[in-house]
Amino acid sequence: MARPIRETPILFGEDERRFEENMRNAKCELTQKEYDEMMASYKMILACLERGEASEKVRLEAKREASK
């Protein structure tokens with residue numbers, strides 16, 4: 001069985017200031033090649049999802065027609 005998740009600590013003072021500063025200055029460093037690979041995977045997953053939804057609609061429609 002999973003252990004319960006502890007509460008997220010609240011930051012105060014210097015820790016809070018340092019955390020906020022780090023979050024403001026955070027940068028995502030991806031190369032163009034990495035970005036292109038991620039986008040290609042994303043588009044492939046979206047296409048699979050759309051095909052799945054379309055085939056599900058066809059299957060449900062055929063089932064509805066058969067039950068009439």
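Engineer: How would you sum up the overall build of the chain? Please name residues and give values.
Structural biologist: Scanning the chain from terminus to terminus reveals two helices and zero strands. Projected onto its principal axes, the C-alpha positions of the chain cover 70 × 40 × 20 Å. Residues counted as buried form 0% of the 68 residues belonging to the chain. Carbon and sulfur atoms form 58% of the exposed surface of the chain, whose accessible area is close to 7,200 Å². Averaging the positions of the 14 positive and the 15 negative side-chain charges in the chain gives two centres separated by 6 Å.

Engineer: Lay out a nonpolar patch on the surface in plain terms, naming residues and giving numbers.
Structural biologist: Together, Tyr-42, Met-44, Ile-45, Leu-46 and Leu-49 make up an exposed nonpolar region whose accessible area comes to about 500 Å². With respect to the secondary-structure elements, Ile-45 resides in helix H2 (residues 32–66). Judged by relative accessible area, which is 51%, Ile-45 ranks as exposed.

Engineer: If you had to explain the environment of Lys-33 to someone new, which residues and values would you point to?
Structural biologist: If you trace the backbone, Lys-33 turns up in helix H2. Residue classification places Lys-33 among the exposed residues on the basis of a relative accessible area of 59%.

Engineer: Could you give me a rundown of the pattern of salt bridges, with the residues and numbers involved?
Structural biologist: When charged atoms on two side chains of opposite charge get close, those side chains can pair. In this structure the tally under the stated criterion is seven salt bridges. Salt-bridge contacts for Arg-18 lead to Glu-14; the nearest nitrogen and oxygen are separated by 4.0 Å. Of this pair, Arg-18 and Glu-14 are both found in helix H1 (residues 13–24), four residues apart, which corresponds to roughly one turn of the helix. Several salt bridges share partner residues, and in doing so they unite Glu-14, Asp-15, Arg-17 and Arg-18 into one network.

Reading the values: rules and limits
- Here the residue index of a chain counts from 1 through its sequence in written order.
- Per-residue local features are limited, in this predicted model, to residues with pLDDT of at least 70; the limit for side-chain atom pairs, both in listing and counting, is 80 or more; totals at the level of whole chains, interfaces and linings are taken over all residues.
- The side-chain quantities take in all heavy atoms of the structure and omit both hydrogens and water.
- Strands are runs of DSSP state E lasting at least two residues, helices are runs of H or I lasting at least four, and both sets are numbered from the N terminus onward.
- Per-residue accessibility, obtained with a 1.4 Å probe over protein chains only, is compared with the maximum for each type, and a residue is labelled buried under 20%, exposed over 50%, and partly exposed between these values.
- Accessible areas in this description were obtained via Shrake-Rupley with a 1.4 Å probe; residue shielding takes into account the shown protein chains only.
- A residue counts as positive if it is Lys or Arg and as negative if it is Asp or Glu; His and the chain ends are not included.
- For this purpose, a charge sits on NZ of Lys, CZ of Arg, CG of Asp or CD of Glu.
- Patch definition: residues above 30% relative accessible area lacking any salt bridge, with like charges linked at up to 9 Å and the nonpolar side chains Val, Leu, Ile, Met, Phe, Trp and Tyr linked at up to 5 Å.
- By salt bridge we mean one thing: a side-chain nitrogen of Lys or Arg within 4 Å of a carboxyl oxygen of Asp or Glu.

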